[in-house]
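The primary structure of each chain is shown beneath.
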Amino acid sequence: MLDPMHTDTERCVRAVRSKDGRFDGWFFTAVLTTRIYCRPSCPAVPPKAENMTFYPSAAACQQAGFRACKRCRPDTSPGSPAWNARADTVARAMRLIGDGVVDREGVPGLAARLGYSTRQIERQLLAELGAGPLALARAQRAQTARLLVETTSLPMAEVAFAAGFSSIRTFNDTVREVFALAPGDLRTRASGRRSAPPATPGVIALRLPYRAPLNPGNLFGHLVATGVPGVEEWRDGAYRRTLSLPYGHGIVALTPRPDHIACRLSLTDLRDLTIAISRCRWMLDLDADPVAVDDRLRADPELAPLVDKAPGRRVPRTVDAAEFAVRAVLGQQVSTAAARTHAGRLVTAHGVPVEDPEGGLTHLFPAPDALAALDPEALALPRSRRTTLTTLVAALADGSLRLDPGSDWDRARAQLAGLPGFGPWTVEVIAMRALGDPDAFLPTDLGMRRAAAGLGLPATPAALTARAAAWRPWRAYAVQYLWASDDHPINHLPA
């Protein structure tokens, strides 16, 4: 478990005085005299140390009666890396809250997914984060409301319900309390700051922050090189894909910039905005702490040159864990091109068609329910792999196998390993890219073994695993650096 940084007052004060952006999202600074809370990198003159107090979340600051700073906008800082690096109940709860579970299913739904009582979940979150699940979800709704107020011309009533508020009055009260401005004043301030042309109607444009450095090569290169035709594409310098969401579907375009990821979202239902943003951040691993990762890997003399050459590599993930599990099976023992072909055929036959006026996206990837009735004989796959695919799909469709941001990594691994045709490679690549385990490792992967041999590392799976013990808990990032030693399309931004 990562140390709760907000309890180390001396370290927090140093970070605030140095305006160190690496700690944005790790903790929040609340100023007792002004009743305002900030991110560590706030450009304002730092307050006196005796006037600072520190909280682990924006929700805790809000619950304690502090308002968000209008200069540094702390509610828009990158998320804490702890929730992506940990597998305990609090981390799983935070991932599920980010995925909108509390808004859709309430606290009882969150507790049921985690296997605890609502009282236990509330107690654990309150003890570590200073806020319960409802307060955390409320802070998330406030941020969604701010995005809609500032980036769209929607009437405020529509903004309120799209952000998940139960009434316009609650929406108005929350915005005033959190941002010290009425919704109309927020929109006026935002329009005064804009210098860009008006946004395309129906499209929400926003910036996704991250901690520097970020190397976009392997991140976008991998997503595009393995992309499914009709579901994903690279167009005009942006990775675009369709999204299956709780209330409808969407299309997102993500463009790497020097200090952020430009995000353009088109949604059939604005209630999906929060979850769409959360899933895009998850897919791009934007809440990672690259400094901590690279420092650990750089300690290995064989990995150090790879890290120094292109620091800040992220683990390319997915927006839908079930989708990736199906694609992992289709990619067993075949080339990247062949895997794309198999997936493309599945999408054409079973995916839901969508319209894309701006590009060439044609379908949503088929959900497990849609694939449950497929005819195995229609699949151009070896018989054993047909069995693997149909068994996986059946388990996903009936709920006996659940893959989502709140999954218990060890339990999911055990369940996957119990399915026919699931060897270590398939289990670990799903753990890495679908479940987000930062320590997932692929010692049997051919590209890994070739890279290891070229660097003088042990090439046999057992010996490489033993050597990789020093890289824990960041072995999934070591995989990215080792893969990058090969001149494969997954390692480069598309032309």
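Remember, predicted model here, so these are calculated numbers, not experimental data. (Residues numbered from 1 in each chain as written. Predicted model: local features only at pLDDT ≥ 70, side-chain atom pairs only at ≥ 80, totals over all residues. Heavy atoms only, no water.)

Q: Just to check I follow, could you spell out the packing of aromatic side chains for this structure?
A: Two descriptors summarise a pair of aromatic rings, namely the distance from one centre to the other and the angle between the planes of the rings. A complete count under the given rule lists 7 aromatic pairs for this structure. Seen in terms of ring centroids, Phe 220 and Trp 234 are 6.2 Å apart; in terms of plane orientation they differ by 65°. Their pairing is edge-to-face. Linking Phe 220 in helix H11 (residues 216-225) with Trp 234 in strand E6 (residues 232-235), this pair joins segments that are 14 residues apart in sequence. Exposure remark for Phe 220: the relative accessible area of 0% places this residue in the buried category. Arranged with centres 6.0 Å apart and planes meeting at 75°, the rings of Trp 474 and Tyr 477 form a pair that is edge-to-face. With relative accessibility at 12%, the residue Trp 474 sits in the buried group. You can call Tyr 477 buried: its relative accessible area is 4%. Taking the ring centre of Phe 66 as reference, the NZ or CZ of Arg 35 above it sits at 3.9 Å. (Phe/Tyr/Trp six-rings, centres within 6.5 Å; stacked < 30°, edge-to-face > 60°. Helix = DSSP H or I, 4+ residues; strand = E, 2+ residues; numbered from the N terminus. Buried < 20%, exposed > 50% of the residue type's maximum accessible area, 1.4 Å probe, protein only. Lys NZ or Arg CZ within 6 Å of the ring centre and 35° of its normal.)

Q: Sorry if this is basic, but what is going on with the environment of Thr 390 here?
A: By the secondary structure assignment, Thr 390 is in helix H18 (residues 383-398). Residue classification places Thr 390 among the partly exposed residues on the basis of a relative accessible area of 26%. In this structure, the C-alpha to C-alpha distance between Thr 390 and Leu 374, residues 16 residues apart in sequence, is 8.1 Å. Once residues within four sequence positions are removed from consideration, Thr 390 is found in contact with Leu 374 and Pro 376. (Contact = heavy atoms within 4.5 Å.)

Q: What exactly am I supposed to notice about helix H19 (residues 409-417) here?
A: Think of an α-helix as 3.6 residues a turn; residues three or four steps apart then line up on the same face. Residues of H19 that are buried: Trp 409, Ala 412, Arg 413 and Leu 416. Around the axis of H19, the buried residues are gathered within 100° of arc, so they sit on the same side. In H19, the exposed residues that point more than 90 degrees away from the buried face are Asp 410, Arg 411 and Ala 414. As for H19, its buried residues are in contact with helix H3 (82-85), helix H4 (89-98), H18 and helix H20 (424-433). (Arc of directions from axis to C-beta.)

Q: Is there a simple way to explain the sheet that holds strand E4 (residues 67-68) in this structure?
A: Across a sheet, strands are paired by hydrogen bonds formed along the backbone, either parallel or antiparallel in direction. In space, the 4 strands of this open sheet follow the order E3-E1-E2-E4, with mixed pairing throughout. Taken across any chain shown, the strands that pair with only one partner, and hence form the sheet edges, are strand E3 (52-55) and E4. Looking at chain direction, strand E2 (residues 36-38) and E4 are connected through 2 bridges and run parallel. Bridged to Ile 36 within E4 is Arg 67. Taken strand by strand, helix H1 (residues 9-17) contacts strand E1 (28-31) and E3, and its axis lies near 105° from that of E3. (Pairing = 2+ DSSP bridges. Axes fitted to C-alpha atoms, helices over the stretch in contact; angles between N-to-C directions.)

Q: Would you explain the nonpolar core in this entry?
A: Within the largest apolar cluster, 64 residues are counted, with the highest numbers of intra-cluster contacts made by Leu 297, Val 326, Leu 392, Leu 403, Ile 430 and Trp 471. Here this core gets 8 residues from one element, more than from any other, and that element is helix H15 (residues 321-330). Each residue touching Leu 403, except ones within four places of it in the same chain, is listed here: Ala 321, Ala 322, Ala 325, Leu 396, Ala 412, Ile 430 and Leu 435. Core analysis: the second largest hydrophobic core is formed by 51 residues, Ala 145, Leu 208, Leu 214 and Ile 277 among them. (Core = buried A, V, L, I, M, F, W, Y, C linked by side-chain atoms within 4.5 Å.)

Q: What's the story with helix H7 (residues 133-151) in this structure? I'm lost.
A: The end-to-end C-alpha distance of H7, which contains 19 residues, comes to 27 Å, matching closely the 27 Å that a straight helix rising 1.5 Å per residue would cover. Burial of H7 is extensive: 16 of the 19 residues sit out of reach of the surface. (Expected span 1.5 Å × (residues − 1).)

Q: Whenever I open this one, the packing of H4 against helix H6 (residues 118-129) confuses me. Can you help?
A: To describe two helices that pack against each other, one gives the angle between their axes and the distance between the axes. Where H4 contacts H6, the axes come no closer than 10 Å and their chain directions differ by 95°. The pairing of H4 with H6 is recorded here as roughly perpendicular in orientation. Facing Thr 89, Val 90, Ala 93, Met 94 and Ile 97 of H4, the residues of H6 in contact are Ile 121, Gln 124, Leu 125, Glu 128 and Leu 129. Across the contact of H4 with H6, the residue classes break down as 7 nonpolar, 2 polar and 1 charged. (Parallel < 35°, antiparallel > 145°, perpendicular 65-115°, else oblique. Nonpolar A, V, L, I, M, F, W, Y, C, P; charged D, E, K, R; others polar.)

Q: When you look at unusual backbone geometry in this model, what are you seeing that I'm missing?
A: Most peptide bonds adopt trans geometry, and most residues besides glycine take a negative phi value. In this structure, the amide linkage connecting Ala 212 to the following residue, Pro 213, adopts the cis form with an omega of 0°. Structurally, Pro 213 is set in the loop between strand E5 (203-208) and H11. The omega angle of the peptide bond from Arg 472 to Pro 473 is 10°, so this bond is cis rather than trans. Secondary-structure assignment places Pro 473 in the loop between helix H22 (461-467) and helix H23 (475-483). One non-glycine residue with positive phi stands out, namely Lys 19, at about 50°. Summarising the element assignment, Lys 19 is placed in the loop between H1 and E1. Of the residues examined, Lys 19 reaches a relative accessible area of 33% and is grouped as partly exposed. At Asp 236, a position not held by glycine, the phi torsion is positive, near 55°. Structurally, Asp 236 can be placed in the loop between E6 and strand E7 (238-245). Here Asp 236 falls in the exposed class, since its relative accessible area comes to 78%.

Q: Even after reading the chapter, I still don't get the pattern of salt bridges, so can you show me in this structure?
A: It is possible for side chains of opposite charge to pair when their charged atoms get near one another. Tallied over the entire structure, the rule returns 36 salt bridges. Across the salt bridge formed by Arg 279 and Asp 99, the nearest N and O atoms sit 3.0 Å from each other. With Arg 279 in helix H12 (residues 273-283) and Asp 99 in the loop between H4 and helix H5 (101-114), this pair connects stretches of sequence that are 180 residues apart. What makes Asp 99 buried here is its relative accessible area of 7%. We note a salt bridge from Glu 377 to Arg 383, for which the minimum N-O separation is 3.5 Å. For Arg 383, a relative accessible area of 58% gives the class exposed. By sharing partners, the salt bridges in this structure join Arg 73, Asp 75, Arg 146 and Glu 150 into a single network. (Salt bridge = Lys/Arg side-chain N within 4 Å of Asp/Glu carboxyl O.)

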